[in-house]
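Results of the structural survey
Listed here are the chains, written in short residue letters.
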Amino acid sequence: MDKKTTSRDGTALAYQVTGQGPTVILVSGAMSTGGTVAPLAQRLADRCTAVVYDRRGRGESGDTKPYAVEREVEDLAALIDAVGGGAALFGVSSGGALVLEAVASGLPAGRAAVYEVPYANFLQGGAEREATYKERLNKALSEDRRGDAVELFLRLTGLAEEVIQRARQSPMWAGMEAVAPSLAYDDTVMGDGLLPRDRLAAISVPVLAVAGGASPQWMREASREASRAVPDGVYRELAGQTHMVEPDVLGPVLAEFFAG
């Protein structure tokens, strides 16, 4: 990241800008930094000015306790100011939940798009699963068992146990443990894990909700229902894509929505 700005509470935020056209801030999901969405930014760069940043508590950005979702909304407000005072927003997974909360709160973003926000009420037993995850995650982090917190998250995503154990022995594990405390931030952003229909109904900007055609049915249904809960919402499904969406497939869809 080659640029820095400061949020309202004094937290330093690292970001970078690429491309030209309407400005779009890309918000990453759990266990990720701005680098995770950088390939998507490159794919948008021919039609949009794409901004990627490290959310607080990750990468090159700072952190200030106590955490509150409102602080992350203020982070987005600071970034919008830093890049000229006007920007659209895109968020992936729990980053999408943050984007929706930001525009519902009145943040000055002209448009918003999200990819597969994992609202659990469309998964059988999802609410109970979310409650169990929250309890175990908070306990692991309070005891500074970062590796266990990472394992909990990876199990939540559906990874097989042998894959998780191989990951724990890999060189990337140290980096995953480094951002593990931010898992609590994403969990807070997701609230009770259920689709916040009343909150989404307060959104006054156009919203594009996208899902992968090869993703689980519950995740596609969550995206579809999110688009229906927003007064000006549109749903798009990308054939053959999963939660790990290909930038070359998603990029043109977002560029068309943001740049027209």
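Preceding this section is the structure that the text describes.
Everything in this summary refers to the structure shown in the same document.

Further remarks concern the pairing of strand β2 (residues 12-19). Where strand β1 (residues 3-6) lies against β2, four bridges are found, and the strand directions are antiparallel. Note that in β2 the partner of Lys4 across the bridge is Ala14. Between the end of β1 and the start of β2, which pair antiparallel, lie five residues, with Gly10 showing a positive phi angle near 95°. In the sheet, β2 pairs with strand β4 (residues 49-53) via five bridges, with the strands oriented antiparallel.

Here the focus is the side chain of Glu151. Following the sequence through the fold, Glu151 ends up in helix α5 (residues 146-156). Using a relative accessible area of 8% as the deciding quantity, one classes Glu151 as buried. At a separation of 2.7 Å, a polar atom in the side chain of Glu151 contacts the side chain of Arg155. Of note is the side chain of Glu151, whose polar atom sits 2.4 Å from the side chain of Arg168. Leaving out residues up to four positions away in the same chain, Glu151 has contacts with Ile164, Gln165, Arg168 and Trp173.

Let us now look at the packing of helix α3 (residues 94-104) against helix α8 (residues 183-190). One way to put it is that α3 packs onto α8 with a least axis distance of 9 Å and a crossing angle of 50°. With respect to each other, α3 and α8 are oriented oblique. As for the relative orientation of α3 and α8, their crossing is left-handed in sense. Only Asp186, Val189 and Met190 of α8 make contact with α3, whose side of the interface consists of Ser94, Gly95, Ala97 and Leu98.

Looking now at the nonpolar core. In this structure, Ile25, Leu76, Leu89, Tyr119 and Ile203 are the most contacted members of the largest nonpolar core, which totals 42 residues. The element best represented in this core is α3, accounting for seven residues. Counting residues in hydrophobic clusters, the runner-up holds 24 residues, among them Leu40, Cys48, Val210 and Phe258.

This brings us to the pattern of salt bridges. As enumerated under the stated definition, the model contains 24 salt bridges in all. One salt bridge connects Arg228 with Glu225, and the closest N-O pair in it is separated by 2.5 Å. Here Arg228 pairs with Glu225, and both are found in helix α10 (residues 217-229), just three residues apart, close to one helical turn. Looking at Arg228, the relative accessible area reads 55%, which means it is exposed.

What follows concerns the pairing of strand β5 (residues 88-92). Here β5 lies mainly inside the structure; five of its five residues are buried. Taking every second residue as pointing to the same face, both faces of β5 are buried, with Ala88, Phe90 and Val92 on one and Leu89 and Gly91 on the other. Pairing between strand β3 (residues 23-27) and β5: four bridges, direction parallel. Counterpart to Val24 in the pairing with β5 is Ala88. In this structure, β5 lies alongside strand β6 (residues 112-115), joined through four bridges in parallel fashion. Residue pairing in the sheet places Leu89 in a bridge with Ala112 of β6.

The rules behind these values
Residues numbered from 1 in each chain as written. Predicted model: local features only at pLDDT ≥ 70, side-chain atom pairs only at ≥ 80, totals over all residues. Heavy atoms only, no water. Pairing = 2+ DSSP bridges. Helix = DSSP H or I, 4+ residues; strand = E, 2+ residues; numbered from the N terminus. Buried < 20%, exposed > 50% of the residue type's maximum accessible area, 1.4 Å probe, protein only. Polar contact = N/O pair within 3.5 Å; in protein donor to acceptor, adjacent residues only side chain to side chain. Contact = heavy atoms within 4.5 Å. Axes fitted to C-alpha atoms, helices over the stretch in contact; angles between N-to-C directions. Parallel < 35°, antiparallel > 145°, perpendicular 65-115°, else oblique. Left-handed = near helix turned anticlockwise from the far one by under 90°. Core = buried A, V, L, I, M, F, W, Y, C linked by side-chain atoms within 4.5 Å. Salt bridge = Lys/Arg side-chain N within 4 Å of Asp/Glu carboxyl O.

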